[in-house]
Amino acid sequence: MSERIDVAVFVGSDSDLPVINETVKTLKGFGLACSINVASAHRTPEHLKQCIQGSVSSGVKVFIAAAGVSAALPGVVASETTLPVIGVPMEGKNLSSMDSLFSIAQMPNGIPVACVAIGKAGAVNAAVLAAQIISVSNDSVKEKLAQYRKHMVEAIIKKDLKLQKDGIDAYIEGMKK
């Protein structure tokens, strides 16, 4: 890694890429450069360490790590850096994804990992949280976050106005199209 990056994103399996692509798209929307790597905490620990070190050399400010099942990846990343780490629990069949959520949220004291929601909502929120962290020292990102929030408010108000105008039955029918 030679180009400068703001956020390094890791997935434990390539099957996580469709969900974590929401993270990448959201980061890009905030104008943040990111890298993405497949690296397993259990199966490729040396590769993971190299990716972390390369990210640090590239100026990374925040790490995002998505993992399912035992969800060790975010904790292992956190054990290798003092930079902020955000964990995204992935949806899975095992224990209704609660194993991933608890593995990421229940870190031992001194090695924190911020934990967001399971799946797509978590993938988006991880990017927003990374942007919020970076915005502390970056006014451009701070302004993009303000615009992001403004657009969310406008979208909800627009939906409410449509609901008030059309009524619930027509609104729901329109959602199906």
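In short, a report on the structure. (Residues numbered from 1 in each chain as written. Predicted model: local features only at pLDDT ≥ 70, side-chain atom pairs only at ≥ 80, totals over all residues. Heavy atoms only, no water.)

1. Side note on the environment of serine 103
(1) Moving on: With respect to the helices and strands, serine 103 occurs in helix α4 (residues 98-105).
(2) Moving on: You can call serine 103 partly exposed: its relative accessible area is 29%.
(3) Moving on: Considering only alpha carbons, one finds serine 103 and alanine 72, 31 residues apart in sequence, at a separation of 6.8 Å.
(4) Moving on: In this structure serine 103 touches Val69, Ser70 and Ala71, once residues within four positions along its chain are discounted.
(5) Moving on: A polar contact of 2.9 Å, which involves the side chain of serine 103, links it to the backbone oxygen of aspartate 99. (Helix = DSSP H or I, 4+ residues; strand = E, 2+ residues; numbered from the N terminus. Buried < 20%, exposed > 50% of the residue type's maximum accessible area, 1.4 Å probe, protein only. Contact = heavy atoms within 4.5 Å. Polar contact = N/O pair within 3.5 Å; in protein donor to acceptor, adjacent residues only side chain to side chain.)

2. Observations regarding the pattern of salt bridges
Should the charged atoms of two oppositely charged side chains come close, the side chains can pair.
(1) Moving on: This model, assessed by the stated rule, comprises 7 salt bridges.
(2) Moving on: One salt bridge in this structure joins aspartate 6 and lysine 61, with 2.9 Å as the shortest N-O distance. Taken together, the residues aspartate 6 in the segment before β1 (7-11) and lysine 61 in the loop between α2 (45-57) and β3 (62-67) connect sequence positions 55 residues apart.
(3) Moving on: In this structure, the salt-bridge partner of lysine 176 is glutamate 173, at a minimum N-O distance of 3.7 Å. With lysine 176 and glutamate 173 both in helix α7 (residues 168-176) and 3 residues apart, the pair spans about one turn of that helix. (Salt bridge = Lys/Arg side-chain N within 4 Å of Asp/Glu carboxyl O.)

3. Focus: the nonpolar core
(1) Moving on: If you look at the biggest cluster of nonpolar residues, it comprises 24 residues, and the most contacted ones within it are Val7, Leu27, Ile64 and Val88.
(2) Moving on: Elements represented by at least two residues in this core include exactly β1, α1 (17-29), β3, β4 (85-89), α5 (120-135) and α6 (139-166).
(3) Moving on: It is α5 that contributes the most residues to this core, 8 residues altogether.
(4) Moving on: Once you skip the residues sitting within four places of it in the chain, valine 7 turns out to touch Leu27, Ala33, Cys34, Ser35, Val60, Val62, Ile64, Ala130 and Ile134. (Core = buried A, V, L, I, M, F, W, Y, C linked by side-chain atoms within 4.5 Å.)

4. Re the sheet that holds β3
Sheets are built from strands that pair by backbone hydrogen bonding, the pairs being arranged parallel or antiparallel.
(1) Moving on: With parallel pairing, the 5 strands of this open sheet are ordered in space as β2-β1-β3-β4-β5. The sheet is open, and its two edges are formed by β2 (34-38) and β5 (114-115), each paired on a single side.
(2) Moving on: Direction of pairing for β4 relative to β5: parallel, over a ladder of 2 bridges. Bridging from a neighbouring strand, isoleucine 86 pairs with alanine 114 of β5.
(3) Moving on: Running at roughly 165 degrees to β1, α2 makes contact with β1, β2 and β3 of the sheet.
(4) Moving on: Packed on one face of the sheet, α5 meets β1, β3, β4 and β5 and runs near 170 degrees to β4. (Pairing = 2+ DSSP bridges. Axes fitted to C-alpha atoms, helices over the stretch in contact; angles between N-to-C directions.)

5. Side note on the pairing of β3
Looking along a regular strand, one sees side chains alternate from face to face of the sheet.
(1) Moving on: Across the 6 residues that make up β3, a large majority, 6, are buried.
(2) Moving on: Residues Val62, Ile64 and Ala66 of β3 are buried on one face, and the alternating residues Phe63, Ala65 and Ala67, pointing to the opposite face, are buried as well.
(3) Moving on: Where β1 and β3 come together, 5 bridges link them in parallel fashion. Bridge assignment links phenylalanine 10 to a residue of β3, and that residue is alanine 65.
(4) Moving on: Two strands pair when backbone bridges link them, and β3 and β4 are joined in this way by 5 bridges, in the parallel orientation. Each bridged residue has a counterpart across the sheet, and for alanine 65 the counterpart in β4 is glycine 87.
(5) Moving on: In terms of handedness, the path from β3 via helix α3 (residues 73-79) over to β4 forms a crossover that is right-handed. (Right-handed = clockwise from strand over helix to strand, strands pointing away.)

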